[in-house]
Amino acid sequence: MERIVLHLDIDYFFAQVEENEHPEYKGKPVVVCVYSGRDETSGVVSTSNYEARKYGVKSGMPIKIAIAHLKGTGAVFLPVDHELYSRISQGVMEIVSTYGEKFEYASIDEGVIEISEAAHRSYGEAKEIAEKIKKEILGKFHLTCSIGIGPNRLVAKIASDFRKPNGLTVVKPDEVGAFLEKMDVDKIPGIGKKSRDFLATMGIHVVGQLRDADPALLGEAFGKKTAGWLINSAKGIDETEVGIAWEQKQVSRIMTLKNDTRDLDGIMNSMKPLVQEIADEIREMEISFSSVGATLIDENMKTFTKSRTLAHPTGDANEITKIAKMLFAEIISETKMNFRRAGIKIEKLEKRKGQKTLGEF
Ligand code: DCP
Ligand code: CA
Ligand code: CA
């Protein structure tokens, strides 16, 4: 059965988040930096917005070189704020995950979903889903992203990179050959600089040449297994599943307590906003859960986790509080330590009965 896979990549991610945090930077070159601390400008560029890229700034470039490129432009240089990006990443990916049957968190700014059923195996509907996702992410997070749709993860990922920023590229099964043929071989994820240079010595520069290469020769150069993968990739063949089935997703929150404590009521009090956040997500995602988990981390950073499976799925956030309290009490009774961090999660998620199922979007 043919699949439809969607790959989403957020545009100039860290820099776009910073633009949203500081609207006054919009229109200026913005460079997000990993400072090494040796001196004020040592370190490398993490990423930059498109204004900075016009001046030749690239990820991985020494900050000093970026400064030289951007002299006199009024460019803004900022340190990375991983906590912020990862919070926003999770929010975005939670949106993405609800649109498909299977979801995979591919990297901090990339998510993959299988939408074969959600799109009723239609590329037209798949495109509509992509447009909805873009709209929702723009509405909720003020972020643009680029999306690729194809018959498998490989083609979808390459398609997501094809038109940037704010791109949407759909590659139907019968278009895969023509789509890949003229691309440089290093557009295939997994072919890095070394393999590219080596392939070049064999006269192989573009994907079409790789596709038509002699498997025996490639086998001698790369080993049989890698050669097989190279040729399949060049043909746009990729059987790998999209990661986690939707039901295996979880929603979790963890926090550092104000004081180290083993007081159950105090811990439950601190958990209120976390339970509220989880409850909000349950409502937004229209899900029910049938497992609740609780985590406590003690003064020595030792982690204790317990979970309980319910007899029936529920969407009731009061159940979370009730069960979490029970689980926290159990953990506390098993040790004499005080606890520094506490967290709650819900698992075994499904779309709520009576609501639209994933296939009916
Ligand atoms: N990143 C990094 N160092 C690199 C490459 C990337 O720290 N050498 C970080 C910053 C990026 C994020 O990872 O914002 C995502 O990487 P991408 O390669 O997807 O690049 P961007 O999202 O920044 O830009 P694009 O619009 O090209 O996707
Ligand atoms: Ca990106
Ligand atoms: Ca990326």
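Here we summarise the structure given alongside this text. Note that this is a predicted model, so its numbers are computed, not measured.

With respect to helix α1 (residues 13-21)
In terms of burial, α1 is a largely internal element, seven of the nine residues being buried. Taken together, the buried positions of α1 are occupied by F13, F14, A15, Q16, V17, E18 and E19. Tucked inside the fold, the buried residues of α1 contact β1 (5-10), β2 (30-35), β3 (43-48), α2 (50-53), β4 (76-79) and α4 (82-97).

Looking at the coordination of the calcium ion (ligand 3)
Here the calcium ion (ligand 3) is held by the protein donor atoms D9 (OD), D109 (OD), D109 (OD) and E110 (OE), which lie 2.2 to 3.1 Å from it. Mapping the donors of the calcium ion (ligand 3) onto the primary sequence gives the spacing D-x99-D-E. Taken as an interatomic distance, the gap from the calcium ion (ligand 3) to the calcium ion (ligand 2) is 3.6 Å; D9 donates to each of them. A residue pair is termed long-range when its members are at least 10 positions apart, and D9 in strand β1 and E110 in strand β6 (residues 110-114) qualify at 101 residues.

Brief notes about the pairing of strand β7 (residues 145-150)
The element β7 is largely enclosed, with a buried count of six among its six residues. Summarising the sheet, β1 and β7 pair through six bridges and their orientation is antiparallel. When the sheet's bridge partners are listed, D9 is paired in β7 with S146. When β7 meets strand β8 (residues 168-170), the two strands line up parallel, connected through three bridges. Note that in β8 the partner of G148 across the bridge is T169. What joins β7 to β8 is helix α6 (residues 153-160), and the crossover it makes is left-handed.

What about a nonpolar patch on the surface?
A cluster of nonpolar residues, F198, M202 and L217, forms a patch on the protein surface that exposes about 260 Å² of accessible area. Mapping L217 onto the fold places it in helix α10 (residues 215-222).

Comments concerning the packing of aromatic side chains
Tallied over the full model, the rule gives eight aromatic pairs. With a centroid separation of 4.2 Å and 15° between ring planes, the pair formed by F14 and Y85 is classed as stacked. One end of the pair, F14, is in helix α1; the other, Y85, is in helix α4, with 71 residues separating them in the sequence. Just as F14 is buried, Y85 falls in that class too. Considering the side-chain rings of F103 and Y105, the 6.2 Å spacing of their centres and the 55° angle between planes classify their relative orientation as tilted. Connected via pairs of aromatic rings, a cluster forms that spans F13, F14 and Y85. Between R53 and the ring centre of Y50, over which it is positioned, the NZ or CZ distance is 4.5 Å.

With respect to the pattern of salt bridges
Summed over the entire model, instances satisfying the criterion amount to 22 salt bridges. The partner of K322 in a salt bridge is E319, and the shortest N-O contact between them spans 3.2 Å. Remark: E319 and K322 occur in helix α13 (residues 317-333); sequence separation between them is three residues, near one turn of the helix. Within this structure, D186, K193, R196 and D197 form a network of salt bridges that share partners.

Describing the sheet that holds β4
Across the sheet, three strands lie side by side as β3-β2-β4; this open sheet has mixed pairing. Pairing within the sheet leaves two strands with one partner each, and these edge strands are β3 and β4. Geometrically, the sheet is characterised by an average inter-axis angle of 35° between neighbouring strands, direction not taken into account. Across four bridges, the pairing between β2 and β4 is parallel. Paired with V32 across the bridge in β4 is L78. Where α1 meets the sheet, it contacts β2, β3 and β4, and its direction lies at approximately 115° from that of β2.

Observations regarding the coordination of the calcium ion (ligand 2)
For a metal with four donors in a tetrahedral arrangement, the ideal angle between donors is 109.5 degrees, while six donors in an octahedron ideally sit at 90 or 180 degrees. Looking at the calcium ion (ligand 2), one finds its protein donor set to be D9 (OD), I10 (O) and D109 (OD), positioned 2.0 to 2.3 Å from the metal centre. For the calcium ion (ligand 2), the six donor atoms in the first shell make angles of 80 to 169° at the metal, a pattern classed as octahedral. For the calcium ion (ligand 2), the single-chain donor residues occur in sequence as D-I-x98-D.

Some points on the site of ligand 1
Surveying the vicinity of ligand 1 reveals 13 residues, the closest of which are Y12, S46, T47, R53 and K164. Contact distances for ligand 1 include 3.0 Å between an oxygen atom and a backbone N or O atom of F14. T47 has a polar side-chain atom sitting 2.5 Å from an oxygen atom of ligand 1. If ligand 1 stood free it would expose 550 Å²; the protein chains cover 68% of that surface. In this structure, ligand 1 is accommodated by the second largest pocket. Those elements that provide at least two residues to the shell around ligand 1 are β1, α1, β3 and α2.

Some details on the sheet that holds strand β12 (residues 303-314)
Strand order in this open sheet of four strands is β10-β13-β11-β12, and the pairing throughout is antiparallel. Lying at the two open borders of the sheet, with one neighbouring strand each, are β10 (251-261) and β12. Across the sheet, the axes of successive neighbouring strands diverge by a mean angle of 15°, strand direction being ignored. Strand direction decides the pairing type here: β10 and strand β13 (residues 339-351), joined by seven bridges, are antiparallel. When the sheet's bridge partners are listed, R253 is paired in β13 with I344.

Analysis parameters
Residues numbered from 1 in each chain as written. Chains lettered and ligands numbered in written order. Predicted model: local features only at pLDDT ≥ 70, side-chain atom pairs only at ≥ 80, totals over all residues. Heavy atoms only, no water. Buried < 20%, exposed > 50% of the residue type's maximum accessible area, 1.4 Å probe, protein only. Helix = DSSP H or I, 4+ residues; strand = E, 2+ residues; numbered from the N terminus. Contact = heavy atoms within 4.5 Å. Donors = N, O, S within 2.8 Å, 3.2 Å for Na, K, Ca; no water. Pairing = 2+ DSSP bridges. Right-handed = clockwise from strand over helix to strand, strands pointing away. Patch = residues over 30% accessible without salt bridge, like charges linked within 9 Å, V, L, I, M, F, W, Y side chains within 5 Å. Areas by Shrake-Rupley, 256 points an atom, 1.4 Å probe, with all protein chains shown as cover. Salt bridge = Lys/Arg side-chain N within 4 Å of Asp/Glu carboxyl O. Phe/Tyr/Trp six-rings, centres within 6.5 Å; stacked < 30°, edge-to-face > 60°. Lys NZ or Arg CZ within 6 Å of the ring centre and 35° of its normal. Axes fitted to C-alpha atoms, helices over the stretch in contact; angles between N-to-C directions. Tetrahedral: all angles 85-135°; square planar, octahedral: opposite > 155°, others 65-115°. Near = heavy atom within 4 Å. Polar contact = N/O pair within 3.5 Å; in protein donor to acceptor, adjacent residues only side chain to side chain. 1 Å grid on protein atoms, 1.4 Å probe; cavity = no way out; pocket = protein on both sides within 12 Å on 5 of 7 lines; lining within 4 Å. Sits in = over half its atoms within 2 Å of the grid points.

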